[in-house]
Amino acid sequence: MKKWDMKKWSKGNCKKNMMAAGVLLVVCAGIYMNWMYSNSQNVADLTDMLDAEMVMSDSSLILDTETNLEGTDTSIDYFAAVRLSRQEARDSAVNLLQEAMAYGSASEQQESNAQLEKIVQTALCEAQIESLIIAKGYTDCVAYMSDTGISVAVASPEGGMQNGDVAVIADIVITQSGFGMEDIRVVEVQ
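Cut-off values and rules
- Residues numbered from 1 in each chain as written.
- Predicted model: local features only at pLDDT ≥ 70, side-chain atom pairs only at ≥ 80, totals over all residues.
- Heavy atoms only, no water.
- Axes fitted to C-alpha atoms, helices over the stretch in contact; angles between N-to-C directions.
- Helix = DSSP H or I, 4+ residues; strand = E, 2+ residues; numbered from the N terminus.
- Parallel < 35°, antiparallel > 145°, perpendicular 65-115°, else oblique.
- Left-handed = near helix turned anticlockwise from the far one by under 90°.
- Contact = heavy atoms within 4.5 Å.
- Nonpolar A, V, L, I, M, F, W, Y, C, P; charged D, E, K, R; others polar.
- Buried < 20%, exposed > 50% of the residue type's maximum accessible area, 1.4 Å probe, protein only.
- Pairing = 2+ DSSP bridges.
- Salt bridge = Lys/Arg side-chain N within 4 Å of Asp/Glu carboxyl O.
- Core = buried A, V, L, I, M, F, W, Y, C linked by side-chain atoms within 4.5 Å.

Participant: Give me the lowdown on the packing of helix α4 (residues 106-135) against helix α5 (residues 163-177), citing residues and values where you can.
Facilitator: Two elements in contact, α4 and α5, have axes separated by 10 Å at closest approach and are oriented at 150 degrees. Classified by the interaxial angle, the pair formed by α4 and α5 is roughly antiparallel. The two elements α4 and α5 meet at a crossing, and its hand is right-handed. Contacts between α4 and α5 involve Cys125, Gln128, Ile129, Leu132 and Ile133 from the first element and Ile169, Ile172, Val173, Gln176 and Ser177 from the second. Its residues assigned to classes, the contact of α4 with α5 shows seven nonpolar, three polar and no charged.

Structure below.
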């Protein structure tokens, strides 16, 4: 039979042991509470939420036309509203893709990464097209690119849009995007 070693349970060592046991108890209680809380939440499966065709479809861009303020230029409001709507839709899609990359399997992560790269490339192409059109002397424009084509809304120049204006815009879009003439829609915004 072993004798108790009183030095191990002296006043100083006992306080240290009790303190360590208390910290361990608090940490374990925190882990348990976190586990209970996460089990009580209905966590949606992100793969069910992500539909590749809905991430950046035409239906995800919704323009609120009721934002027209009195005393302001309606075409400026239009371009600002379209840009805001486009950016919100992209931000939402990027957030979903980032969550899928964080929680998905390796193949889902690769697919999400490819979709994220596509969104970035599309945004860069649209920005280049918009910058070049504005550089040609047009007041404002917004480009929206999808898999099937590109739409460009351009502020109406003085005297209205002419065939030459459409040709200049189409040339910029073709060289920057690679779409053919049949895939381009130019819209004049009054």
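Participant: Describe the pairing of strand β1 (residues 141-145), naming the residues involved and giving the relevant values.
Facilitator: A regular strand places its side chains on the two faces of the sheet in alternate fashion. Of all the five residues making up β1, five are buried; the element is thus mostly covered by neighbouring parts of the structure. Bridge count between β1 and strand β2 (residues 150-155): five bridges; the pairing is antiparallel. For Cys141, the partnering residue across the bridge sits in β2 and is Val154. Linking two consecutive strands that pair antiparallel, namely β1 and β2, is a turn of four residues.

Participant: Explain the side chain of Thr122 residue by residue, including any values.
Facilitator: You can see Thr122 is positioned in helix α4. Residue classification places Thr122 among the buried residues on the basis of a relative accessible area of 15%. Aside from chain neighbours lying at most four places away, what touches Thr122 is Arg90 and Met145.

Participant: Run through the pattern of salt bridges, naming residues and quoting values.
Facilitator: Applying the stated criterion across every chain, the model contains five salt bridges. Ionic pairing is found between Arg86 and Glu126, a salt bridge with its closest N-O pair at 3.5 Å. Taken together, the positions of Arg86 in helix α3 (residues 74-103) and Glu126 in helix α4 put the pair 40 residues apart, joining distant regions of the chain. Note on Glu126: relative accessible area 1%, which makes it buried.

Participant: Please give an account of the sheet that holds β2 that cites residues and values.
Facilitator: Across a sheet, strands are paired by hydrogen bonds formed along the backbone, either parallel or antiparallel in direction. Ordered by their spatial adjacency, three strands build an open sheet running β1-β2-β3, and the pairing between neighbours is mixed. Strands with a single pairing partner mark the edges of an open sheet, and in this sheet they are β1 and β3 (184-189). For this sheet, the mean angle separating the axes of adjacent strands, direction not counted, is 15 degrees. In this sheet, β3 lies alongside β2 in parallel orientation, the contact comprising six bridges. The residue bridging Ala153 from the neighbouring strand is Val187, located in β3. Along the sheet, α4 contacts β1 and β2; its crossing angle with β1, the most-contacted strand, is approximately 150 degrees. Across the sheet, α5 is in contact with β1, β2 and β3; its angle to β3 comes to roughly 135 degrees.

Participant: Give me the lowdown on the nonpolar core, citing residues and values where you can.
Facilitator: Side chains of a nonpolar character, in soluble globular proteins, are inclined to be buried together. Ile129, Ile133, Ile150, Val152, Val154, Ile169 and Val173 are the most contacted members of the largest nonpolar core, which has 16 residues in total. Secondary structure elements with two or more residues in this core: α4, β1, β2 and α5. If you look at the next biggest cluster of nonpolar residues, it comprises six residues, including Phe79, Val82, Val142 and Val189.

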